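Letter by letter, the chains look like this.
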Amino acid sequence: MSEPVPKAALYYFPTSVWEEKGYGADELDLKLVDISKGENYAPSYLRLNPQATVPTLVVPLQKTLAADMESRYKAIQDSKSIVEFLDKSRSTQSRTNTTSDAPAPSLSPATIAFSAVFTKLIDLLHSPAADPNALTYMNARTPAELRALAAYERPKFAARRAALAQLLADNEAAKIRVSEKTRAFWEVKKVATEKFLDVYDEADTPAEKLDDKARERRTLFLSDASEAWARVRDVLTQLNQEIIGPYTLGDQLSLADLHLAAWLARLITLAGGTLADDGTVAIGKLEAHVGGPGGGFALVKDFSVAEARRRAGLTVQDPESRERQNRLAAFWDAVRERQSFKNVYKDGLH
Ligand SMILES: N[C@@H](CCC(=O)N[C@@H](CS)C(=O)NCC(=O)O)C(=O)O
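In this convention, every chain numbers its residues from 1, walking through the sequence in written order. Totals for whole chains, interfaces and linings use all residues, but because this is a predicted model, local features are given only for residues with pLDDT of at least 70 and pairs of side-chain atoms are given and counted only at 80 or more. Hydrogens are left out, water is left out, and the side-chain values use all remaining heavy atoms of the structure.

If you look the chain up in an unreviewed UniProt entry, it shows as GST N-terminal domain-containing protein from Rhodofomes roseus.

Here it is in C-alpha cells:
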C-alpha cells in the first residue's frame, strides 16, 4: 500500500467551494475551531493565522508531496484567498485530483468585463459596511431586541472573555510564553469583547434602573446598531444593481456567488428568514429588516422570473409570465437549488 498523500486541512468553514469544484470528500481534513469558546486565540491557532479568524486552509506544498520527504505546509488565512486557491488547484487538466473524477469547472470570470463585476462584488461583500460579524453582534435597534440578542450572544462573549483572560493569566504566570505582540493582541480582543459584554450584561435591566453611564452605553449601542444596519441598504442596492442575474455573472456560477450566498444566508438569518423561504420571501424579510421601523426600503424588481429560472437551468412553469422580481431574490431562488447549498445549510441557515 502506498503512503497516504498529505492532505489539506481546513480550519472550519462550510464546504461549498469544495463541492462545486468536485474535490473528493476524503481530500480534506476538517478541523473545527470553536470561536464561540475563543479556541481561535490559542497560540497553536495563532501560529496558523495571527488574525485569529476562521477560515484557515493549511495546504501541503506541491514540491514536498513525495513519500520520501517530510511535507511542508502553508496556511491560507482568509476566505477570499482560500476560494481562489481551491479554484486554481483543481481543473480538468490537473493531475492532483487523485480521489475524485467529478467535473472541475472554473469558477473564475472568463473575460475582463466579467472580472470587473466579479472583483467589485467580492470587495463590496468584504467591506466594513457589509461585515456580517459586526451585524450579528449589533442585530438590535430597540431595548427589546437587545434583550433577545443578549440572551443569545452573551454566553459566547463570556466564554471568549474567559478564554482570553486565561491565556493572559497563563502568560503572566509563565505557564505559556508568547511574544509581546500576541499578548497585546489578546488584550485588544479582551477589551473589545468586554465592550459588548457590558451592554449585553445589562440588557434585562429597564432603562430607568440603569446608572447614567450604563444608560449612555445602551443608547450609544442602539444608535450605532441602527447606523450599521442602515448602511446595509446601500450594500443591497449596489449588489442588486451589479449582478447580471440570476448569478453574479449571468448563467454561470462563479466564486463571487459563493461569497454572496454565504453572506446573504447570514443576513437573511439575522432578518428572521429561514431555509423554507423562497427568494421573494427571504429578500422581502431582509428589505423589511434593513428598512427598520420606518420601513419603505425595497429593491427594484426589474428581473423576469421566467428568464431567471431559464438561466439557472430550472423548470419554467409559465414561459410567457411577465412576473418580475429583484435580482437578489432571483439569485436566492437559483442558489438554494444547488446541491452544495443544500448540504451546507441542511440544518438551517446560519
Ligand atoms: N476577512 C476574513 C474574515 C473572517 C472572519 O472575520 N471570521 C470570523 C468568523 S465568521 C472570525 O473568525 N472571528 C473570530 C474573531 O475575530 O474573534 C475572511 O474573509 O476570512
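Having seen it, we continue.
Details of the overall build of the chain
For the record, the criterion: Counting from the N terminus, the helices are DSSP H or I runs at least four residues long and the strands are E runs at least two residues long. The reference for a compact globule is 2.2 Å times residues^0.38; the radius of gyration itself is calculated from the C-alpha atoms. The classification of residues rests on relative accessible area computed with a 1.4 Å probe and restricted to protein chains. Under 20% of the type maximum is buried, over 50% is exposed, and intermediate values are partly exposed. Any two residues whose heavy atoms approach within 4.5 Å at even a single point are treated as in contact. For the accessible areas, the method is Shrake-Rupley and the probe is 1.4 Å, while residue cover comes only from the protein chains on display. By the counting scheme adopted, Arg and Lys are positive, Glu and Asp are negative, and His together with the chain ends is not counted. Charged side chains are reduced to one point each, which is NZ for Lys, CZ for Arg, CG for Asp and CD for Glu.
Regarding its fold elements, the chain presents 13 helices and six strands. For 350 residues, the compact-globule estimate of 2.2 N^0.38 gives 20 Å, and the chain sits close to it at 23 Å. When the 350 residues of the chain are sorted by exposure, 43% land in the buried category. Sequence-distant contacts, at least 24 apart, represent 63% of the contacts inside the chain between residues at least 6 apart. Accessible area of the chain: about 18700 Å², with a carbon and sulfur share of 53%. Between the averaged position of the 46 positive side-chain charges in the chain and that of its 48 negative side-chain charges there is a distance of 2 Å.

Section: the site of the ligand
So the rule is basically this: Near, as used in this document, describes a residue that has one of its heavy atoms within 4 Å of the molecule or strand being considered. Polar contact is defined as a pair of N or O atoms within 3.5 Å, subject to the rule that within protein one atom must be able to donate a hydrogen and the other to accept it, and that residues adjacent in sequence are counted only when both atoms are side-chain atoms. Polar here means any residue outside two lists: the nonpolar Ala, Val, Leu, Ile, Met, Phe, Trp, Tyr, Cys and Pro, and the charged Asp, Glu, Lys and Arg; Gly therefore counts as polar.
Residues in close proximity to the ligand include Ile 35, Asn 40, Tyr 41, Ala 52, Thr 53, Val 54, Pro 55, Asp 78, Ser 79, His 126, Asn 133 and Lys 189, which together make up its full environment. Contact distances for the ligand include 2.8 Å between an oxygen atom and a backbone N or O atom of Val 54. Here an oxygen atom of the ligand sits 3.1 Å away from a polar atom, N or O, in the side chain of Asn 133. Considering the ligand on its own, with 510 Å² of exposed area, one finds that the protein chains cover 72% of that surface. Here the residues of the shell around the ligand are counted per class, giving five nonpolar, five polar and two charged.

Some points on helix 3 (residues 79–88)
Convention followed: When we speak of the arc, we mean the arc of directions from the helix axis to the C-beta atoms.
Regarding helix 3, the residues found buried are Ser 79, Ile 82, Val 83, Leu 86 and Asp 87. Looking down the long axis of helix 3, one finds its buried residues gathered within 130° of arc, a one-sided arrangement. In the core, the buried residues of helix 3 are packed alongside helix 1 (16–20), strand 3 (56–60), strand 4 (73–76) and helix 9 (255–270). Its side-chain oxygen placed 3.2 Å from the backbone nitrogen of Lys 80, Asp 78 serves as the N-cap of helix 3.

Focus on the side chain of Thr 248
Secondary-structure assignment places Thr 248 in the loop between helix 8 (212–242) and helix 9. With relative accessibility at 0%, the residue Thr 248 sits in the buried group. If near-sequence neighbours (up to four positions away) are discounted, Thr 248 is found in contact with Val 117, Leu 121, Ile 243, Ser 254, Ala 256, Asp 257 and Leu 260.

A few points about the sheet that holds strand 3
Inclusion rule: Two strands qualify as a pair provided that DSSP identifies no fewer than 2 bridges between them. Fitted lines through C-alpha atoms give the axes, limited to the stretch in contact for helices. The angle between two N-to-C directions lies from 0 to 180 degrees.
Taken together, four strands build an open sheet; the order of strands is 2-1-3-4 and the sheet is mixed. Two strands close off the open sheet at either side, each with one partner strand: strand 2 (28–31) and strand 4. For this sheet, the mean angle separating the axes of adjacent strands, direction not counted, is 20°. As paired elements, strand 1 (residues 8–11) and strand 2 share four bridges and run parallel to each other. If you follow Ala 8 over to strand 2, its bridge partner there is Leu 28.

A look at the pattern of salt bridges
Opposite charge on two side chains permits them to pair, given that their charged atoms come into close proximity. The condition is simple: Salt bridges are defined as contacts in which a side-chain nitrogen from Lys or Arg sits within 4 Å of a carboxyl oxygen from Asp or Glu.
One pass over the structure, following the stated rule, counts 19 salt bridges. Among the ionic pairs, Glu 20 bridges to Arg 338, the shortest N-O distance being 2.8 Å. Within this pair, whereas Glu 20 is found in helix 1, its partner Arg 338 is found in the loop between helix 12 (327–335) and helix 13 (339–344), the two being separated by 318 residues in sequence. The partner of Lys 37 in a salt bridge is Asp 34, and the shortest N-O contact between them spans 3.4 Å.

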